[in-house]
Amino acid sequence: MRFWIVAAAAAASVAGLVGASFVSPLAVAAVTAFLCAVAAVGWPHLLGVPARKSQSTAIGLSAIAATAAAAFTPGPGYMVWFPGAVALGVSAVFLIQLLRGTGQSHRLESTLGASSGVFAVALGSGWAAADRLPVNAAGTSMMLVTGISVLAGLAGLLPRWPDRVAAPLGLVLAAAAGCAGALLLPGVPVLPAVLVGLVSGAVLVSGRRLLTSREAPLNAAAALAVGITPVLAIGALVYFLDTLLLS
């Protein structure tokens, strides 16, 4: 099932986001927008539904709009336009199905699946928002700790072990990496770093479970979407946790 493509896509995504955080918030937003576009292209392939180009466009444009809003909206509510961007994306998905006309195949699956894709991919805008928070604006330590936690969680999930072994291992490694990063890097509190690691690990574990339970094979576009989308989803969670615990 192209498991290594999925893992490589996830690792490259988080590495690109963390690396961009050492450049500027706009660089993070640019990398996020690129990842949203790639995930949007692959999402309909993952679902195996028709009207792939139009639905990819709806998913990608709504996610890029959410990312642009997070990058340029005055603070402190950097994600205030996120619900509006998602609403526009879901409306576009419904419009696409109406234009396809009645009697078309997989209309319900396309509507529900593409709508979930709009939400999941747009969550990536949280990375652009998180990098603008004071804890990251003064430096990139928290972003770096988050990236380390995600990579550690991925490492625990790579072996083809049963979920009852891999899931706890991924959670423990992600949380432990967050704790270690907080102890080694200045200005990062231990408890928030551990919680971010746990949440990141939980998202990755859920993504792995969905992947291993899938019987149909993945093409390259779908594999990239499976690898990138959980990393994007972590962005919004990181933003809200950083806001709650470090602001």
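Residues numbered from 1 in each chain as written. Predicted model: local features only at pLDDT ≥ 70, side-chain atom pairs only at ≥ 80, totals over all residues. Heavy atoms only, no water.

Draft legend 1. Spotlight on the environment of Ala 233. Position of Ala 233 relative to the elements: it lies in helix α11 (residues 220–246). Each C-alpha atom of the pair Ala 233 and Gly 207 lies 10 Å from the other, and the pair is 26 residues apart in sequence. Residues in contact with Ala 233, not counting those within four places in the same chain, are Ala 120, Leu 123 and Val 203. (Helix = DSSP H or I, 4+ residues; strand = E, 2+ residues; numbered from the N terminus. Contact = heavy atoms within 4.5 Å.)

Draft legend 2. Quick look at the packing of helix α2 (residues 25–47) against α11. It is the contact of α2 with α11, at a shortest axis distance of 7 Å, that shows an interaxial angle of 130°. Comparing the axis directions of α2 and α11 gives the class oblique. The handedness of the crossing between α2 and α11 is left-handed. Only Ala 221, Ala 222, Leu 224, Ala 225, Val 226, Ile 228, Thr 229 and Leu 232 of α11 make contact with α2, whose side of the interface consists of Thr 32, Leu 35, Cys 36, Val 38, Ala 39, Gly 42, Trp 43, His 45 and Leu 46. The class makeup of the residues in the contact of α2 with α11 is 13 nonpolar, four polar and no charged. (Axes fitted to C-alpha atoms, helices over the stretch in contact; angles between N-to-C directions. Parallel < 35°, antiparallel > 145°, perpendicular 65-115°, else oblique. Left-handed = near helix turned anticlockwise from the far one by under 90°. Nonpolar A, V, L, I, M, F, W, Y, C, P; charged D, E, K, R; others polar.)

Draft legend 3. Structural view of the packing of aromatic side chains. Tallying each qualifying case throughout the model produces two aromatic pairs. For the pair Tyr 239 and Phe 240, a centre-to-centre distance of 5.1 Å together with 65° between the ring planes defines the contact as edge-to-face. (Phe/Tyr/Trp six-rings, centres within 6.5 Å; stacked < 30°, edge-to-face > 60°.)

Draft legend 4. The confidence of the model for the protein, seen in detail. Residues with a pLDDT of 70 or more make up 95% of the protein, whose mean pLDDT is 89. Mean pLDDT across the secondary structure elements of the protein bottoms out at helix α7 (residues 134–137), with 79, and peaks at helix α6 (residues 125–130), with 95. (pLDDT = per-residue confidence, 0-100.)

Draft legend 5. Spotlight on the side chain of Ser 125. Its place among the elements puts Ser 125 in helix α6. For Ser 125, a relative accessible area of 1% translates into the label buried. Among residues more than four places away in sequence, those in contact with Ser 125 are Thr 32, Ala 66, Thr 67, Ala 70, Met 79 and Phe 82. (Buried < 20%, exposed > 50% of the residue type's maximum accessible area, 1.4 Å probe, protein only.)

Draft legend 6. How the structure looks around the environment of Pro 159. Take Pro 159: it is sitting in the loop between α8 (141–157) and α9 (163–184). Of the residues examined, Pro 159 reaches a relative accessible area of 25% and is grouped as partly exposed. Remark: the alpha-carbon pair of Pro 159 and Ala 236, spanning 77 residues in sequence, is separated by 27 Å.

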